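Residue-level structure breakdown
Listed below, chain by chain, are the residues.
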Amino acid sequence: MKNNEFKTFFQPKIFSQDKKVQFEALVRWFHPEKGMIPPDKFIPVAETSFLIHKITEMVLRDSLEAAKLLNTRISVNISSIVFEDESFVRDIRNVLLEYESRNLITLEITERAAMKHSFSTLKKMKKLINLGVEFSIDDFGTGYSSLSYLEKFPISELKIDRSFINNLETNKINPLIINFSVKIGELAGFKVIAEGVETKEQIEKLLTLGCYNFQGYYFDKAQPLDLILKDYSQDKYLNKMDLSF
Ligand code: C2E
Ligand code: CA
Ligand code: CA
């Protein structure tokens, strides 16, 4: 952290019906000898100390800066350790209040983090929603089998885990899970987005299942902000939908 070796990258989230593009912040560690270290390697280690709070704050600040420049919402991943900490709402609020604009940040939490202490979860969410924050359920379908929380919590978005998308063509159950997620989303009033979309065939299949929102290498991998800003327009990403549809 002292050497500034952690960098926030951003990956586009495409909402094709709304013709809108948002981004997810994904942190990377550029180690002077070992090169780029992915978050799966160091986040679990950071979670064993105060460092996870430092990383979260850095990513949140970078995301607020990026949100202003890109004029869109940015999603920030929140570890369950951070979400469960009693200082969570205060810490996030303090940073948000420093930046004056509202409605720039979505927090991605997992089902497991949301469900662990469901009463305090609801209170935390409401406090931050009052500050213009939205909540997204990350890795949907992999963590928790009770679905009652979908109605209990003020959720804006549900992200269907990549594992349901990457074998969509051959698996018989996954299309049902996706269609089911989309229907719940319609009923409960939140957006449903598919993660890890890599091919045109997957997009075609997802469209037939009623899913119109995508994130994945088909559109772009996570990139540093200056690279995104070079030739940025929402249409650059939205147009990738038009190829053959
Ligand atoms: P996640 O939140 O599920 O993020 C999505 C991961 O899938 C990212 O990996 C992204 O680069 C990757 N991905 C996106 N599109 C595709 C695709 O089309 N195909 C494939 N194969 N992969 C795709 P990444 O950046 O390595 O992050 C891994 C995990 O690390 C994240 O999973 C998230 O749980 C965690 N993470 C990343 N940044 C942060 C952070 O700032 N704070 C916390 N607490 N966790 C973070
Ligand atoms: Ca995420
Ligand atoms: Ca995810």
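Refer to the preceding data block for the structure.
Just so you know, these numbers come straight off a predicted model, no measurement behind them.

As for the layout of surface pockets
When its volume is computed, the largest pocket comes out at roughly 1100 Å³. Along the wall of the largest pocket there are 36 residues; nearest its centre are Glu-24, Leu-26, Pro-39, Asp-40 and Asn-77. Elements with a minimum of two residues in the lining of the largest pocket: strand E2 (20-31), helix H1 (39-46), helix H2 (51-70), strand E4 (74-77), strand E5 (105-110) and strand E6 (134-140). Per-element tally for the lining of the largest pocket: the top contributor is E2, with 5 residues. Here the lining of the largest pocket is composed, by residue class, of 14 nonpolar, 9 polar and 13 charged. What the second largest pocket holds in volume is close to 200 Å³. Considering the residues around the second largest pocket, the lining is formed by 13 residues, among which Gln-17, Phe-190, Lys-191, Val-192 and Asn-213 are closest to the centre. For the lining of the second largest pocket, the secondary structure elements donating two or more residues are helix H9 (173-188) and strand E8 (191-194).

Looking at empty space enclosed by the protein
The rolling of a water-molecule-sized probe over the atoms marks out the regions of remaining empty space. Per the counting criterion, the structure on display carries 1 cavity of 30 Å³ or more. Volume-wise, the largest cavity comes out at about 40 Å³. In terms of lining, the largest cavity is formed by Phe-83, Glu-84, Ala-113, Lys-116, His-117, Ser-120, Thr-121 and Lys-124. Put simply, the parts of the chain that give the lining of the largest cavity at least two residues each are helix H3 (80-84), helix H5 (111-116) and helix H6 (118-129). Considering each element in turn, the lining of the largest cavity owes the most residues, 3 residues, to H6.

Description of the coordination of the calcium ion (ligand 2)
In this structure, Glu-24 (OE), Asn-77 (OD1), Glu-108 (OE) and Asp-138 (OD) serve as the protein donors to the calcium ion (ligand 2), at separations of 2.1 to 2.3 Å. Separating the calcium ion (ligand 2) and the calcium ion (ligand 3) is a distance of 4.0 Å, and Asp-138 donates to both of them. Of this pair, Glu-24 sits in strand E2 while Asn-77 sits in strand E4, and the two are 53 residues apart along the sequence.

Quick notes on the site of ligand 1
Lining the immediate environment of ligand 1, one finds 20 residues, of which Arg-28, Ser-79, Arg-162, Glu-198 and Tyr-217 sit closest. Within the contact set of ligand 1, an oxygen atom lies 3.0 Å away from a side-chain nitrogen or oxygen of Asn-77. A distance of 3.4 Å is found between an oxygen atom of ligand 1 and a side-chain nitrogen or oxygen belonging to Asp-139. About the coverage of ligand 1: the protein hides 84% of its 800 Å² of free accessible area. A majority-of-atoms criterion places ligand 1 in the largest pocket. For the shell around ligand 1, the elements supplying multiple residues, two or more each, are E2, H1 and E6. Here the element with the most residues in the shell around ligand 1 is E2; it accounts for 4 residues. Class assignment of the residues belonging to the shell around ligand 1 gives a composition of 7 nonpolar, 5 polar and 8 charged.

Calculation rules
Residues numbered from 1 in each chain as written. Chains lettered and ligands numbered in written order. Predicted model: local features only at pLDDT ≥ 70, side-chain atom pairs only at ≥ 80, totals over all residues. Heavy atoms only, no water. 1 Å grid on protein atoms, 1.4 Å probe; cavity = no way out; pocket = protein on both sides within 12 Å on 5 of 7 lines; lining within 4 Å. Points joined across faces, edges and corners; volume = space filled by probe spheres on them. Helix = DSSP H or I, 4+ residues; strand = E, 2+ residues; numbered from the N terminus. Nonpolar A, V, L, I, M, F, W, Y, C, P; charged D, E, K, R; others polar. Donors = N, O, S within 2.8 Å, 3.2 Å for Na, K, Ca; no water. Near = heavy atom within 4 Å. Polar contact = N/O pair within 3.5 Å; in protein donor to acceptor, adjacent residues only side chain to side chain. Areas by Shrake-Rupley, 256 points an atom, 1.4 Å probe, with all protein chains shown as cover. Sits in = over half its atoms within 2 Å of the grid points.

In short, shape yes, function no, at least from these values alone.
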